[in-house]
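# A look at the structure
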Amino acid sequence: MVEISVAHEALPEEGVVVVFAGADGSLSAAAASLDGEKVVSRALRLPGGKLRHGRIVSLALPAGLRLDRLLVAVVGKPEGTKARDLEELGAAIVKQLEAERVEEAVVASPAGLELGMAEDAAIAAMALGAEMRAYRFDKYRRPAEDGEDGPKPLARLRFLSTSAAGEALARARGLARAVAWTRDLVSEPANVLYPQSFAQICESLSEVGVEVEVLAPADLEKLGMRALLAVGQGSAHPPHVVVMRWKGAAQEAPVALVGKGVCFDSGGISLKPSAGMQDMKWDMAGAAAVVGAMRALAQRRAAADVVGIIGLAENMPSGTAQRPGDVVRAYSGKTIEVINTDAEGRLLLADVLAYVCERFRPRAVVDLATLTGAVIVALGHERAGLFANDDALAEALLRAGEDVGEPLWRLPLDEPYEKHIESDIADLKNVGRGREAGSIAGAVFLKAFVGERPWAHLDIAGVAWSSRDLALVRKGATGFGVRLLDRLVATTFEEK
Ligand code: BES
Ligand code: MN
Ligand code: ZN
């Protein structure tokens, strides 16, 4: 993990330094101070196309300077530079430094360029992008030894500021840490992360002031969470539920964040094909996003009352597993005909949603779940599916998603789809009409367990994991949802 710091000090004369230039060729004060021999301005005229935001020109042993390397990063968009653009630039700098196998670098202040935001905000955004891009899940890899090829992570990155910046960077780092924690949990294999071990890890949230309560299998039995228990009944690792509360303000009612935590989804008796089944270790990404968001909120002491709740189970086939055709009575009292044991996320969420609504009477509920493969058919890996019974909540989520680069697309949820999940013998069945509107069938099923409460469901099956490098995250777990929920609480549920 890269160690990021900010310092109010002079530009070093040796080592590796990154300076900034504008897209019009203008130089930051730090870049100008190194331009005595015109190395910076000449670097900007090297072939390589237009000077545009995100381009990085790298010089080894720049003439007249004692630096090992000088990187000139172009910053600023003609239509206005957003925080998101600076996050991407911070990530691009890390990518370039890693390609050059640099272990330590200093990033000069962009002061002197017109960015349309305060210097500390710009630095914080770049630091957030840098830290997210530098993340690796390498705990199970042997580190490369000296002289050996293989990944050599950037170890230290120091941002220089013309003022004594601190607050904004500390916030960015807190958020980056929360996202990294979520990514760790999502990446962890299912032999290590199972319902009980996941629940135990959540207890560490009490260190930042989150109240944590674990409901063990016996508690779930007593409560009557039969749908959730049925999902886990084929596994040697029984289900657990974790209830978390961050009370950063006294409010009339909390907002509830709910996560699907299927630690491994084999499909159960409706077994999945073996090709690609290993991906189902990350079927708990919704739950991981919720716990990451709780950490982010607590770390920045968000002035809001937030309940987080995750349902944890492992969906396995065995002699004790539930069968297709079984009918279970959910926590809410509704009966469900289990047509396909691979549609397990909605069973688990049915109980957790109904429980959180009854116990906390939240002012709004947002659930995150890797619920359907069908959402990938609809939206690919670019956006998560959004379903909501409340337009204001949907709008707030859409806006938060655009702001933090975790975009959503709203799909319908209206009455005609309710017919898709009608059962011949129970109140509902857990699948819709085959390949028709699969994600909507999942959402409309969940809707039956939240009543009239403002509620939104995010189907994150396409965005929780990436098989290719993205602007801010290397391939693997993305941490999708942590920043989105943090922003949603900030814009919509926090005391001003
Ligand atoms: N966890 C899966 C959905 C999923 C698929 C997530 C691919 C990520 C990538 C979910 O539990 C599931 O199996 N859904 C079924 C539902 C169907 C049986 C109605 C699906 O999408 O096929
Ligand atoms: Mn499944
Ligand atoms: Zn699943």
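Relevant structure appears above.
Presented here is a report on the structure given in the accompanying data block. (Residues numbered from 1 in each chain as written. Chains lettered and ligands numbered in written order. Predicted model: local features only at pLDDT ≥ 70, side-chain atom pairs only at ≥ 80, totals over all residues. Heavy atoms only, no water.)

### Structural notes on the coordination of the manganese ion (ligand 2)
Bound to the manganese ion (ligand 2) on the protein side are Asp265 (OD), Asp342 (O), Asp342 (OD) and Glu344 (OE), at distances that span 2.1 to 2.2 Å. One can describe the donor arrangement at the manganese ion (ligand 2) as irregular, given that its 6 donor atoms subtend angles of 72 to 168° at the metal. In the primary sequence, the donor residues of the manganese ion (ligand 2) line up as D-x76-D-x1-E. The distance between the manganese ion (ligand 2) and the zinc ion (ligand 3) comes to 3.2 Å, and Asp265 binds to both of them. Here Asp265 is found in strand β9 (residues 255–265), whereas its partner Glu344 is found in the loop between β12 (335–337) and α10 (345–360), with 79 residues between them in sequence. (Donors = N, O, S within 2.8 Å, 3.2 Å for Na, K, Ca; no water. Tetrahedral: all angles 85-135°; square planar, octahedral: opposite > 155°, others 65-115°. Helix = DSSP H or I, 4+ residues; strand = E, 2+ residues; numbered from the N terminus.)

### Quick look at the coordination of the zinc ion (ligand 3)
Octahedral metals with six donors have ideal donor angles of 90 or 180 degrees. Tetrahedral metals with four donors have an ideal donor angle of 109.5 degrees. Only Lys260 (NZ), Asp265 (OD), Asp283 (OD) and Glu344 (OE) from the protein reach the zinc ion (ligand 3) as donors, at distances of 2.0 to 2.4 Å. Viewed at the metal, the 6 donor atoms of the zinc ion (ligand 3) are separated by angles of 78 to 173°, and the geometry they form is octahedral. Every donor residue of the zinc ion (ligand 3) comes from the same chain, spaced as K-x4-D-x17-D-x60-E. Overall, the relative accessible area of 3% leaves Asp265 in the buried class. Taking relative accessible area as the criterion, Glu344 reaches 1% and is therefore assigned buried. (Buried < 20%, exposed > 50% of the residue type's maximum accessible area, 1.4 Å probe, protein only.)

### Considering helix α13 (residues 438–447)
Because each turn of an α-helix spans 3.6 residues, side chains separated by three or four positions in sequence point in the same direction. Counted residue by residue, α13 has 8 buried out of 10 residues, so it is predominantly covered. Burial in α13 covers these residues: Ser439, Ile440, Ala441, Gly442, Ala443, Val444, Phe445 and Leu446.

### Regarding the packing of α10 against α13
As a packed pair, α10 and α13 sit with axes 9 Å apart at the nearest point and diverge in direction by 25°. It follows that α10 is roughly parallel to α13 by the angle criterion. Handedness of the crossing formed by α10 with α13: right-handed. Packed against α10, whose contacting residues are Arg346, Leu347, Leu349, Ala350 and Leu353, the element α13 presents Ala441, Gly442, Phe445 and Leu446 at the interface. (Axes fitted to C-alpha atoms, helices over the stretch in contact; angles between N-to-C directions. Parallel < 35°, antiparallel > 145°, perpendicular 65-115°, else oblique. Left-handed = near helix turned anticlockwise from the far one by under 90°. Contact = heavy atoms within 4.5 Å.)

### Some remarks on the pattern of salt bridges
One pass over the structure, following the stated rule, counts 28 salt bridges. Close ionic contact of Arg474 with Glu98 constitutes a salt bridge, the shortest N to O distance being 3.0 Å. Here Arg474, found in the loop between β18 (465–466) and β19 (476–477), pairs with Glu98, found in helix α3 (residues 83–99); they are 376 residues apart in sequence, far enough to count as distant. Of the two residues, Arg474 and Glu98, neither departs from the other in class, the shared state being buried. Between Asp265 and Lys272 there is a salt bridge whose closest N-O contact spans 3.9 Å. (Salt bridge = Lys/Arg side-chain N within 4 Å of Asp/Glu carboxyl O.)

### Remarks on the site of ligand 1
The environment of ligand 1 is formed by 16 residues, the closest being Lys272, Asp283, Asp342, Glu344 and Gly373. Side-chain polar atom of Lys272 to an oxygen atom of ligand 1: 2.8 Å apart, as the coordinates give it. One of the side-chain nitrogen or oxygen atoms of Asp283 is found 2.8 Å away from a nitrogen atom of ligand 1. Relative to its unbound accessible area of 520 Å², ligand 1 is 77% covered by the protein chains. In terms of residue class, the shell around ligand 1 is made up of 5 nonpolar, 4 polar and 7 charged. (Near = heavy atom within 4 Å. Polar contact = N/O pair within 3.5 Å; in protein donor to acceptor, adjacent residues only side chain to side chain. Areas by Shrake-Rupley, 256 points an atom, 1.4 Å probe, with all protein chains shown as cover. Nonpolar A, V, L, I, M, F, W, Y, C, P; charged D, E, K, R; others polar.)

### Observations concerning the packing of helix α5 (residues 167–187) against helix α9 (residues 285–299)
Between α5 and α9, whose axes approach to 8 Å, the crossing angle comes to 160°. As judged from the angle between their axes, α5 and α9 are roughly antiparallel. Crossing hand, α5 versus α9: right-handed. Residue-level contacts link Gly174, Leu175, Arg177, Ala178, Trp181, Thr182, Leu185 and Val186 of α5 to Ala285, Ala288, Ala289, Val291, Gly292, Arg295, Ala296 and Gln299 of α9.

### Observations regarding the nonpolar core
Phe198, Ile310 and Leu397 are the most contacted members of the largest nonpolar core, which totals 71 residues. Shared between two domains, this core takes at least three residues from each, and those domains are domain 1 (3–161) and domain 2 (175–493). The residues touching Ile310, leaving out its near neighbours within four places in the chain, are Phe198, Cys202, His240, Val241, Val242, Met244, Gly259, Ala287, Val290 and Val291. Membership of the second largest hydrophobic core comes to 52 residues, among which are Leu215, Leu349, Val352 and Leu411. (Core = buried A, V, L, I, M, F, W, Y, C linked by side-chain atoms within 4.5 Å. Domains from an automatic or database assignment.)

### Some points on the sheet that holds β9
Taken together, 8 strands build an open sheet; the order of strands is β7-β8-β10-β9-β13-β17-β14-β15 and the sheet is mixed. Two strands bound the open sheet, and with one partner strand each, they are β7 (211–215) and β15 (408–410). Between one strand axis and the next, the sheet turns by 20° as a mean value, whatever way the strands run. As defined by bridge partners, strand β8 (residues 240–247) adjoins strand β10 (residues 305–315) across 8 bridges and the pair is classed as antiparallel. Bridge pairing links Val241 to Gly311 in β10. Relative to β9, α9 is tilted by about 140°, and along the sheet it contacts β8, β9, β10 and β13 (364–369). In this fold α13 packs onto β13, β14 (384–388) and β17 (455–459), with an angle of close to 145° to the strand it touches most, β17. (Pairing = 2+ DSSP bridges.)

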